[in-house]
Amino acid sequence: MEEGVFLSPEAIDFVMGQSDPLSFVRKAVEVMPQMPLVITIQDIRDAYCSSPVGGSCPPSSPTSPVRRGEVKVLKDITGNSTCEGNIIDFARYFNDRFQSIKRILVRRRELVGCVPISKAMQLEREVRCIGIVNDVRTTKNGHKMIELEDEEGKGLVLITKESPLLDEQVIHDEVIGVVGKVAKKGGMIVANEIIRPDIPIAGSMAPSDSSAQIAFLSDIHVGSITFLREKWGRWVKWAKTQAKKEGLEYILIPGDCVDGIGVYPDQEEELEIEDIFEQYRSLAELLKELPDHIQLIIQPGNHDAVRLAEPQPAFTDEISHLFDSSVLLVGNPCYLEVEGRVILSYHGKSMDDLVNAIQGLTYNHPLDAMREMLRRRHLAPIYGGKTAIAPEKKDHLVIDQVPDIFVTGHVHSAGVSDYRGVRLINASTWQDQTSFQRMHNFVPDPAKVPMVHLGTGKCSIKDFN
Ligand SMILES: [Fe+2]
């Protein structure tokens, strides 16, 4: 109460079990980056697991030993698509996006007492509100003007050119919190703070007793004349001799498994296999070469033969029957749990829009784009750009659960990083530079296989160049 925070019942139980509950919780509060209104058991876990404040770290959820070979699909559009694409669907879709991210934002201490935008406009004290960004522009005087909308109305938010917030990259259709004061003249809120729904700072993956590794292979592009057959052969040879020794038990393919047909103009000139089913048949043959003990998980991307609009469902029977029945086919995006680790897998098409909208982002640094997605708790915030979005009842692109591992492909780059305890992986490609990439001066980083050890959380990249 002295610190102005509450504890959840579960957190109280844990805190009261400590020898000195008050100093225990005080220490935890000191290292919390943003003080929440309600401290949950997860906040305490984050505080004690990620910083050297001492004290015991509450065990993370399942204390039972991990089950070997266990893969659970936690969230996937496959079989759950209901939209027709009419205007009611779109209204409902954006409302769900707004509500889902608002639920994350209202827990933030900075936004305690937030009010609807229309009400905020009538107040003279400092106000807090949450809205979806309708528009953002720079005025002729160099200020930034954001049009913010909630369920009840709209309002303008001004970031003055003198404000330290001027460099904040606010993008269309993201959901943000604003703290500011209403300007008496002009009917707008002058922003003092922009609050993002960002993920909490957590420690790195707490060790588990899993001994398995998972590998990520994206953008294989089978069927393209630039498919890197020889390098693929080198990887398969490695897998046949080393996978078992290294504990490699899972492979996840986050999309663009084949090159597809009619994806871009004159694509047929760059195709070795011009029939889509033949492309998948060829892919299935290549995957059969991999050792039998490895569980394969395959997701579609924008070159694959499913609807282009995200969320994309898994392959239909026409294609799925070409694969071995043990292969797990999932949608894009998909939340999975593999031996107790939560993995968010998304092909990554929205990076085409993010690199245009956010200053400083480039195709060469997709891990930065992935950080921007996590900060906004959304895989494809910008609507109406290059990423087609289907207006499903629920917004499947909201990052409502913080994963242990977040993987993307699409940009043919390769990298491993960490953001607030989440392993970030961009999973390379098996396609050489295409004429389109040459035209845009983009050099891909192919034939690399990022892996994560599910027990230790250790990341590595194997290079087959
Ligand atoms: Fe792609």
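Counting of residues starts from 1 at the beginning of each chain's written sequence and follows it residue by residue. Local features in a predicted model are, by the rule used here, given only for residues with pLDDT of at least 70; side-chain atom pairs are given and counted only at 80 or more, and totals for whole chains, interfaces and linings are based on all residues. Remark: hydrogens and water are excluded; side-chain values derive from all non-hydrogen atoms of the structure.

Asks: Is there a simple way to think about empty space enclosed by the protein in this case?
Replies: Summary: where empty space remains is shown by rolling a probe the size of a single water molecule over the atoms. In this analysis the probe radius is 1.4 Å and the grid spacing 1 Å, with only protein atoms considered; a cavity is a set of points the probe fits into but cannot get out of, a pocket is an open set with protein on both sides within 12 Å along at least five of seven lines, and lining residues have an atom within 4 Å of a point. Grid points are joined across faces, edges and corners, and a volume is the space filled by probe spheres set on the points. Scanning all chains against the criterion turns up one cavity of 30 Å³ or more. One number sums up the size of the largest cavity: a volume of about 60 Å³. Looking at the largest cavity, the residues that line it are Lys 75, Asp 76, Ile 77, Pro 333, Cys 334, Tyr 335, Leu 344, Leu 379, His 396, Val 398 and Ile 399. Helix and strand definitions here come from DSSP, where helices need a minimum of 4 consecutive H or I residues and strands a minimum of 2 consecutive E residues; each element is numbered from the N-terminal end. Listing elements by their share of the lining of the largest cavity, those giving two or more residues are β3 (71–76) and β13 (334–338). Three classes are used: nonpolar for Ala, Val, Leu, Ile, Met, Phe, Trp, Tyr, Cys and Pro, charged for Asp, Glu, Lys and Arg, and polar for all others, with Gly counted as polar. A breakdown of the residues in the lining of the largest cavity according to their chemical character gives eight nonpolar, one polar and two charged.

Asks: What exactly am I supposed to notice about the layout of surface pockets here?
Replies: A volume near 900 Å³ is recorded for the second largest pocket. Lining the second largest pocket are 30 residues, and of these His 303, Asp 352, His 410, Phe 436 and Gln 437 sit closest to its centre. Elements that contribute at least two residues to the lining of the second largest pocket include exactly α9 (351–357) and α11 (435–439).

Asks: What's the story with the sheet that holds β13 in this structure? I'm lost.
Replies: The strands that make up a sheet pair up through hydrogen bonds in the backbone, lying either parallel or antiparallel. Strand pairing requires that DSSP identify at least two bridges connecting the strands. Pairing in this open sheet of six strands is mixed, and the strands run β3-β13-β14-β15-β17-β16 from one edge to the other. A single partner strand is all that each edge strand has here, and the edge strands are β3 and β16 (414–419). Across the sheet, the axes of successive neighbouring strands diverge by a mean angle of 20°, strand direction being ignored. Here β3 runs beside β13; their pairing, made up of five bridges, is antiparallel. Counterpart to Val 71 in the pairing with β13 is Val 338. We call two residues in contact when some of their heavy atoms are within 4.5 Å. All axes here are fitted lines through C-alpha atoms, helices being fitted over the stretch that makes contact, and every angle between N-to-C directions spans 0 to 180 degrees. With respect to the sheet, helix α10 (residues 366–376) is in contact with β15 (405–408), β16 and β17 (422–427), its orientation differing from that of β17 by roughly 135°.

Asks: Is there a simple way to think about the nonpolar core in this case?
Replies: For soluble globular proteins, the rule of thumb is that nonpolar side chains tend to be buried together. We call a set of buried residues a nonpolar core when its members are Ala, Val, Leu, Ile, Met, Phe, Trp, Tyr or Cys and they connect through side-chain atoms within 4.5 Å of each other. Note on exposure labels: buried denotes an accessible area under 20% of the residue type's maximum, exposed denotes more than 50%, and partly exposed covers the range between, all computed with a 1.4 Å probe on protein chains only. Residues Trp 232, Trp 235, Phe 323 and Trp 430 are the most contacted members of the largest nonpolar core, which totals 40 residues. Elements supplying a minimum of two residues to this core: α6 (229–246), β10 (248–254), α7 (276–288), β11 (295–299) and β18 (448–453). In terms of nonpolar packing, the next biggest core, distinct from the first, is built from 28 residues, Ile 199, Met 370, Leu 374 and Ile 399 among them.

Asks: For this particular structure, what's the right way to read the confidence of the model for the chain?
Replies: For residues with low pLDDT, the predicted coordinates do not support detailed interpretation. The pLDDT averaged across the chain works out to 92; a share of 95% of its residues lies at or above 70. In predicted models, pLDDT denotes the confidence assigned by the predictor to each residue on a 0 to 100 scale. Per-residue pLDDT stays below 50 along residues 51–55; that stretch engages in seven contacts with residues further than four places along the chain or on separate chains. Here residues 59–63 is a poorly scored stretch, pLDDT under 50, and it has three contacts once near neighbours within four places are set aside; other chains count.

Asks: Mind showing me how you'd approach α6 here?
Replies: Side chains three or four residues apart in an α-helix point the same way, a direct result of the helix having 3.6 residues per turn. The span one expects for a helix is its residue count, reduced by one, times 1.5 Å. A rise of 1.5 Å per residue sets the reference length of α6, with its 18 residues, at 26 Å; its end C-alpha atoms lie 24 Å apart and thus fit the reference within 8%. For α6, the complete set of buried residues consists of Trp 232, Trp 235, Val 236, Trp 238, Ala 239 and Ala 243. Next to the buried residues of α6 lie β10, α7, β18 and β19 (459–463). Trailing α6 by a residue or two, Gly 247 shows a phi angle of about 75°, which is positive.

Asks: Sorry, what's going on with the coordination of the iron ion here?
Replies: Each angle at a metal carrying four tetrahedral donors should ideally be 109.5 degrees, and each at a metal carrying six octahedral donors should ideally be 90 or 180 degrees. Sites may look incomplete, because water is not among the atoms used; the donor set itself consists of N, O and S atoms within 2.8 Å of the metal (3.2 Å for Na, K and Ca). Those donors, Asp 256 (OD), Asn 302 (OD1), His 347 (NE2) and His 410 (ND1), are the protein atoms that reach the iron ion, and they lie 2.1 to 2.2 Å from it. Between 85 and 135 degrees for all angles marks four donors as tetrahedral; over 155 degrees for opposite donors together with 65 to 115 for all other angles marks four donors as square planar and six as octahedral; every other arrangement is irregular. The site at the iron ion holds four donor atoms, and with the angles between them running 86 to 163°, its shape is irregular. Ordering the donors of the iron ion by residue number gives the pattern D-x45-N-x44-H-x62-H. Here His 347 lies in the loop between β14 (341–345) and α9 and Asn 302 lies in the loop between β11 and α8 (317–320), a separation of 45 residues in the sequence. With relative accessibility at 1%, the residue His 347 sits in the buried group.

Asks: Sorry, what's going on with a negative patch on the surface here?
Replies: For patch building, the residue pool is restricted to those with more than 30% relative accessible area and no salt bridge; the joining distance is 9 Å between like charges and 5 Å between nonpolar side chains (Val, Leu, Ile, Met, Phe, Trp, Tyr). Areas reported as accessible are Shrake-Rupley estimates using a 1.4 Å probe. Residue values count occlusion only from the protein chains shown. When a carboxyl oxygen of Asp or Glu lies within 4 Å of a side-chain nitrogen of Lys or Arg, that pair is called a salt bridge. The positive count covers Lys and Arg only, the negative count covers Asp and Glu only, and His and the chain ends enter neither. For charged residues, the charge sits on one atom: NZ in Lys, CZ in Arg, CG in Asp, CD in Glu. The grouping of Asp 266, Glu 268, Glu 269 and Glu 274 at the surface amounts to a negative patch. Tracing the sequence through the fold places Glu 268 in the loop between β10 and α7.

Asks: Explain the side chain of Gln 213 here, please?
Replies: By the secondary structure assignment, Gln 213 is in strand β9 (residues 213–216). On the basis of relative accessible area, Gln 213 is assigned to the buried category, the value being 9%. Setting aside residues up to four positions removed in sequence, Gln 213 forms contacts with Glu 246, Gly 247, Leu 248, Glu 249, Tyr 250, Met 451, Val 452, His 453 and Leu 454.

Asks: Help me understand the packing of helix α1 (residues 9–16) against helix α2 (residues 21–31) in this model?
Replies: Axis separation between α1 and α2 bottoms out at 8 Å; the angle between their running directions is 120°. One finds that α1 runs oblique with respect to α2. Contact residues: α1 offers Phe 14, Val 15 and Met 16, while α2 offers Pro 21, Phe 24 and Val 25. Residue composition of the contact of α1 with α2, grouped by class: six nonpolar, no polar and no charged. Any angle between 65 and 115 degrees counts as roughly perpendicular, while under 35 counts as roughly parallel, over 145 as roughly antiparallel, and the rest as oblique.

Asks: Help me out: how do you make sense of the pairing of β11 in this one?
Replies: Consecutive side chains along a regular strand alternate between the two faces of the sheet. Burial runs high along β11: four of the five residues are buried. Bridging between β10 and β11 involves five bridges; their strand directions are parallel. Pairing of Tyr 250 across the sheet is with Gln 295, part of β11. Crossover handedness is defined here as right-handed if the route from the first strand over the helix to the second strand goes clockwise, with the strands pointing away from the viewer. Crossover connection from β10 via α7 to parallel β11: handedness right-handed. Where β11 meets strand β12 (residues 328–329), two bridges bridge the pair, whose relative direction is parallel. Bridge assignment links Ile 297 to a residue of β12, and that residue is Leu 328.

Asks: Honestly, α1 in this entry has me stumped. Any pointers?
Replies: Listing the buried residues of α1 in full gives Ala 11, Phe 14 and Val 15. Taken around the axis of α1, the buried residues stretch over an arc of 95°, which confines them to a single face. For α1, the exposed residues set more than 90 degrees away from the buried face come down to Pro 9, Asp 13 and Met 16. By definition, the arc is the one covered by directions from the helix axis to the C-beta atoms.

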